[in-house]
Amino acid sequence: MKRLDTRDTGFEGAFRALLDDARETTAKVDATVAGILAEVRMKGDDALVELTGRFDRWSPSSAVALRVTEAEMQSAAAAIPAEQRSALTLAARRIEAFHQAQMPRDVELAEPGLRTGMRWGALDAVGLYVPGGKAAYPSSVLMNALPARVAGVGRIAMCVPTPDGLLNPLVLAAAELAGVTEVFRVGGAQAVAALAFGTESIAPVDRIVGPGNAYVAEAKRQVFGRVGIDSIAGPSEVVVIADGSNDPKHVALDLLAQAEHDEAAQSILITDDAGFAERVVAAVQAALESLPRAAIAGASWAAHGAVILVRDMDEAVALTNRLAPEHLQIMVAEPQALFARIRHAGAAFLGRWCPEALGDYAAGPNHVLPTGRTARFASGLSVFDFLKRTTWVEADPAGLEAVGPAAVTLARAEGLDAHALSVAARLRHNP
């Protein structure tokens, strides 16, 4: 775990090294992924069956076995404990309401003879990738599928790997609750290939969303352009700005909540209280003694964790804007005032009683967020990822007369004579 202090002469160099911390996998998987994409594109369902047997340790009898039936979906939803069903329902209701509030309105500007506008429309089909490796993520199903449903997407196809052929009932229950229309037992780069190119059993989609491992991320990178994607997500990260009035155990658990995602996750504490910083570090070590995922969280904290001691909260704001974190917790007396000065963060959680984990599950805003400092220019998943804009212009002779001459002049200045003539031919006084 790194310790930085803005008072130290070497702070700037140490902070730059923290910014440049390479937390992505060092494995080169581009060639392997390209081969898998080509195999699925050429062989379709046969490739999916073969690759599933190779990577997921079970051999489907045919491509038909890859499709999860409606009966299986309903059975899974009925089998989960009532407490889990209630939690999923509450989370889904809040997520849906928050994204419904995001829905934009069409635009229309009218003047004599000329009307212009912009119309919003939903994508036809979306593919959702849900991880099935180190943990099951029903929350990811809700966060990815519900904005698509709110936007009006008609077809939502989900691919989820099923190691040893085992399906997670909670994931299927979340899919049924979120309005997923198709579910397939397919994972890895081959799932991305099937959603992008289509096979005999899986029709292609327009956009692929959802997190995955290095192979999934690289596959999404390679199919971008043929389909849209949400992002190339990296390891999870959190910055916690906290003063000395907080409970160090609370802050320690907030840091470990990110660290337990995987060994490459990053948790950073920024504080103006040296004694408090030491109490948090001690609380982290104490919590690791009993945390079920202590091996993962401990490795993350040791390799990528950091505590930054600042002179004041002005420095905390400046450093946070440079970090542009995926998640930001602001645990000070007046969090809104500090948040107003933060320009770059994927999502912010304000106050001592608002841990980031609340947003992961049930608060309402989306937990699919920009990582790796991309919050400087990117935003979290929203209904806008499942909508597209079409602009339109309608003109009558008077409208053409009002703006046509300028169009002719500019077209000729660019040397595009056919452009100029297509407008000039319609003008009443052909210049």
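Before any of the text, the structure's been laid out above.
Bear in mind the structure is a predicted one, so any value in this text is a computation, not a measurement.

*Asks:* Is there a simple way to think about the overall build of the protein in this case?
*Replies:* Within the protein, the regular secondary structure consists of 17 helices and 14 strands. The dimensions of the protein, computed from C-alpha atoms along their principal axes, are 85 × 60 × 45 Å. Burial status across the protein gives 49% buried among its 431 residues. In the protein, once contacts between residues fewer than 6 apart in sequence are set aside, the share between residues at least 24 apart is 74%. A total of about 20,300 Å² of accessible surface is found on the protein, and carbon and sulfur atoms cover 55% of it. Side chains of the protein carry 40 positive and 51 negative charges; the gap between the two charge centres is 2 Å.

*Asks:* What's the story with the pattern of salt bridges in this structure? I'm lost.
*Replies:* A side chain of one charge can pair with a side chain of the opposite charge when the charged atoms of the two come close. According to the stated counting rule, one finds 18 salt bridges in the structure shown. For Glu218, the salt bridge goes to Arg221, with nearest N and O atoms at 3.2 Å. With Glu218 and Arg221 both in helix α9 (residues 214-223) and three residues apart, the pair spans about one turn of that helix. Residue Glu218 is classed as buried on the basis of its relative accessible area of 13%.

*Asks:* So what exactly am I meant to see when it comes to the sheet that holds strand β9 (residues 237-242) here?
*Replies:* Strands pair in a sheet through their backbones, by hydrogen bonds, and they do so in one of two ways: parallel or antiparallel. The strand order across the open sheet built from six strands is β1-β11-β10-β9-β12-β13, with neighbouring strands paired in parallel fashion. In this open sheet, the two edge strands, each paired with only one partner strand, are β1 (2-5) and β13 (347-350). The average undirected angle you get between the axes of adjacent strands in this sheet is 15 degrees. Where strand β12 (residues 327-331) meets β13, four bridges bridge the pair, whose relative direction is parallel. Directly across from His327, in β13, lies its bridge partner Ala347. Taken strand by strand, helix α1 (residues 11-19) contacts β1, β10 (266-271) and β11 (306-309), and its axis lies near 140 degrees from that of β1. Across the sheet, helix α13 (residues 313-323) is in contact with β9, β10, β11 and β12; its angle to β9 comes to roughly 170 degrees.

*Asks:* Just checking my understanding: could you explain the packing of aromatic side chains for this structure?
*Replies:* Each aromatic ring pair is specified by the distance between its two centres and by the angle formed by the two planes. Enumeration over the complete set of coordinates arrives at two aromatic pairs. Note on Phe11 and Phe15: the rings are 5.6 Å apart at their centroids and 20 degrees apart in plane angle, and the pair reads as stacked. Of this pair, Phe11 and Phe15 are both found in helix α1, four residues apart, which corresponds to roughly one turn of the helix. For Phe15, a relative accessible area of 0% gives the class buried.

*Asks:* What is the right way to read unusual backbone geometry from this model?
*Replies:* Both trends apply: most residues other than glycine have a negative phi, and most peptide bonds are in trans. In the Ramachandran plot, Arg57 falls in the positive-phi region, its phi being about 60 degrees despite a non-glycine side chain. Inspection of the secondary structure assignment puts Arg57 in the loop between α3 (45-55) and α4 (70-79). One non-glycine residue with positive phi stands out, namely Asp164, at about 65 degrees. According to the relative accessible area criterion, Asp164 is partly exposed, its value standing at 43%.

*Asks:* Would you explain the side chain of Asp5 in this entry?
*Replies:* The topology assignment puts Asp5 in strand β1. At 2.9 Å, the side chain of Asp5 forms a polar contact with the backbone nitrogen of Arg7. In this view, Asp5 contacts Phe11 and Leu309; residues no more than four positions away in its chain are not counted.

*Asks:* Would you mind showing me how to read the sheet that holds strand β6 (residues 182-184) here?
*Replies:* One open sheet accounts for five strands, arranged β6-β5-β4-β7-β8; its pairing is parallel. The outermost strands of the open sheet, each flanked by one partner alone, are β6 and β8 (228-229). Here strand β5 (residues 155-159) pairs with β6 via three bridges, running parallel. Directly across from Met158, in β6, lies its bridge partner Val183. Its contacts with the sheet put helix α6 (residues 138-151) on β4 (125-129), β5 and β7 (207-209), and the angle it makes with β5 is roughly 165 degrees.

*Asks:* Before we go on, may I ask you to explain the environment of Trp353 in this structure?
*Replies:* By the secondary structure assignment, Trp353 is in the loop between β13 and α15 (356-361). Counting along the chain gives 22 residues from Trp353 to Met331, while the straight-line C-alpha distance between them is 8.3 Å.

*Asks:* Teacher, can you tell me more about the environment of Leu288 here?
*Replies:* Among the secondary structure elements, Leu288 is positioned in helix α11 (residues 274-288). Residue classification places Leu288 among the buried residues on the basis of a relative accessible area of 15%. C-alpha of Leu288 to C-alpha of Met313: the two residues are 25 residues apart in sequence and 29 Å apart in space. Beyond its immediate chain neighbours, meaning those up to four positions away, Leu288 contacts Leu256, Ala294, Ala297 and Gly298.

*Asks:* What's the story with the nonpolar core in this structure? I'm lost.
*Replies:* For soluble globular proteins, the rule of thumb is that nonpolar side chains tend to be buried together. Counting 40 residues, the largest nonpolar core has Val141, Leu142, Met158, Val180, Val183 and Phe386 as the members making the most contacts within it. Breaking this core down by element, the ones donating at least two residues are α4, α5 (82-100), β4, α6, β5 and α7 (169-178). The element that contributes the greatest number of residues to this core is α6, accounting for eight residues. Look past the residues within four positions of Val141 in its chain and what remains in contact with it is Leu128, Val130, Leu146, Met158, Val171, Ala174, Ala175, Ala178 and Val180.

The rules we used
- Residues numbered from 1 in each chain as written.
- Predicted model: local features only at pLDDT ≥ 70, side-chain atom pairs only at ≥ 80, totals over all residues.
- Heavy atoms only, no water.
- Helix = DSSP H or I, 4+ residues; strand = E, 2+ residues; numbered from the N terminus.
- Buried < 20%, exposed > 50% of the residue type's maximum accessible area, 1.4 Å probe, protein only.
- Contact = heavy atoms within 4.5 Å.
- Areas by Shrake-Rupley, 256 points an atom, 1.4 Å probe, with all protein chains shown as cover.
- Lys, Arg positive; Asp, Glu negative; His and termini not counted.
- Charge placed at Lys NZ, Arg CZ, Asp CG, Glu CD.
- Salt bridge = Lys/Arg side-chain N within 4 Å of Asp/Glu carboxyl O.
- Pairing = 2+ DSSP bridges.
- Axes fitted to C-alpha atoms, helices over the stretch in contact; angles between N-to-C directions.
- Phe/Tyr/Trp six-rings, centres within 6.5 Å; stacked < 30°, edge-to-face > 60°.
- Polar contact = N/O pair within 3.5 Å; in protein donor to acceptor, adjacent residues only side chain to side chain.
- Core = buried A, V, L, I, M, F, W, Y, C linked by side-chain atoms within 4.5 Å.

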